[in-house]
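# Structural features, examined
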Amino acid sequence: MPENKQTETAELSKTELERLIFFSPAVHYIARVSGDYGASYVSPGIKRQLGYEPAQFTQDPEFWANHIHADDRARIFADLDSLFDNDRHTHEYRFLHADGSYHWMHDELVVIADEDGNPLEIIGSWLDVTTRKEAEFALAERNQQLEDSKRKFEYLALYDQLTGLGNRNLFLEQLKHLISVAEGKSEEIGLLAMDLDGFKAVNDRLGHAAGDAVLREIGARLSQELGVNDQNYRIGGDEFAVVLELRGESLDRALAEAEKIGRCLTSPMEINGHDHSIGVSIGVAVFPHHGEDWTTVLRKADAAMYEAKKTGNVVAAASELGATSVLSKLFSET
């Protein structure tokens, strides 16, 4: 090829390269492999992208490092330390725009080495990805809101908002599960069905806020009294339930727990600066003694609770035949 033709081709290639670099949406750079990785070359597109002149980077070796967001700087330099092991790297970080705002930059770089593998320089490209990152953050925030809403709805479906105890849905779900597990292990499950006595009078006389305070106090006292393997629930307006994992202790422990709970719940509580006493009726049933399935045990405990209420006693236990026997006279509603 004639020399003048070669020169013309080289000039054309140089012009095309300059046009490619100038109009490229990315900023291209060459940086040193040591110190603060200062730039020896930055393409003119930096003015369009971040508002700076290329000379600001090349004349100040620390310009690039000093304009990285403070929260990103340590991570970026830690990433660069591993660059020489991998030859290539991609990372994203915030960089201070000339207008004072931070823009997210996508940075792809490669290490150029000599024949012996010694690093000579870093060649890379920058691209402003602020719009994408903002969309990603907005999507992540939306997903988090949806997840929070889902957890809230799941909580509301299974827990009582006033007391924080499990509600009827969770009670029935866990009662079925625990009895199913106990059946396979030949273990026993105790069920205490409870109804407050005198609660309506407090609610009517002192107002709903006072009634809510009573229910919260009852829930707190139940939680304090129970063992780590026992569960308590608010299953209705003034109705509560406790499920006991008896582990071979049978009816004796269920009755002892019922009497202890009775004493705890009927001790005076302060409402609006005055002491008030709330009664409770507790029905006790034990799987499998009082029923071989959860519905029978629940029905027996409920019947025993109404027997306690009818006779003015705190605790009554279901019999194996379905009747109830009154066990103790801890508190009678006046």
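Keep in mind it's a predicted model, so treat the numbers as computed, not measured. (Residues numbered from 1 in each chain as written. Predicted model: local features only at pLDDT ≥ 70, side-chain atom pairs only at ≥ 80, totals over all residues. Heavy atoms only, no water.)

## Here's the deal with the confidence of the model for the protein chain
Our working definition: Note on scores: pLDDT gives the predictor's confidence for each residue, bounded by 0 and 100. Contacts were defined at the residue level, with two residues in contact if any of their heavy atoms lie within 4.5 Å.
Here the protein chain shows a mean pLDDT of 85. Residues at 70 or above account for 88%. Ignoring residues within four places in sequence, the model shows residues 5–10, a span with pLDDT below 50, making two contacts including any to other chains. This stretch, residues 320–334, has a pLDDT under 50; its non-local contacts, to residues over four places away or in other chains, come to 43 contacts.

## Some points on the packing of aromatic side chains
Each aromatic ring pair is summarised here by two numbers: the centre-to-centre distance and the angle between the ring planes. Heads up, the condition is: Aromatic contacts are taken between Phe, Tyr and Trp rings whose centres are within 6.5 Å, Trp giving its six-membered ring; a plane angle under 30 degrees counts as stacked, one over 60 as edge-to-face, and the others as tilted. In DSSP terms, a helix is any run of H or I states spanning at least four residues, a strand is any run of E spanning at least two, and both are numbered starting from the N terminus. Whether a residue is buried, partly exposed or exposed follows from its accessible area with a 1.4 Å probe, protein chains only, as a fraction of its type maximum: under 20%, in between, or over 50%, in that order. Remark: a charge is flagged as sitting over a ring if the NZ atom of Lys or the CZ atom of Arg is within 6 Å of the ring centre and within 35 degrees of the ring normal.
Here the structure, examined in full by the defined rule, presents 14 aromatic pairs. Between Tyr37 and Phe77, the ring centres sit 5.9 Å apart and the planes meet at 50°, which makes this aromatic pair tilted. Taken together, the positions of Tyr37 in the loop between β1 (27–31) and β2 (39–42) and Phe77 in helix α5 (residues 70–81) put the pair 40 residues apart, joining distant regions of the chain. What makes Tyr37 buried here is its relative accessible area of 9%. By the ring-pair criterion, three or more aromatic residues cluster together here, those being Tyr29, Tyr52, Phe57, Phe63, Phe95 and Trp126. Across the ring face of Trp104, the terminal group of Lys133 is positioned such that the distance to the ring centre comes to 4.5 Å.

## Examining helix α10 (residues 208–225)
As a reminder of what qualifies: Multiply 1.5 Å by the residue count of a helix minus one, and that product is the helix's expected span.
Between its first and last C-alpha, α10 extends 26 Å over 18 residues, near the 26 Å set by a 1.5 Å rise per residue. For α10, every residue scored as buried is listed here: Ala210, Gly211, Val214, Leu215, Ile218, Gly219, Arg221 and Leu222. As for α10, its buried residues are in contact with β6 (189–197), α9 (199–206), β7 (231–234), β8 (239–245), α11 (250–266) and β9 (269–271).

## Section: the environment of Ala241
Its location among the elements puts Ala241 in strand β8. Considering only alpha carbons, one finds Ala241 and Phe171, 70 residues apart in sequence, at a separation of 7.9 Å. Beyond its immediate sequence surroundings of up to four residues, Ala241 is in contact with Phe171, Leu192, Met194, Gln231, Asn232, Tyr233 and Ile235.

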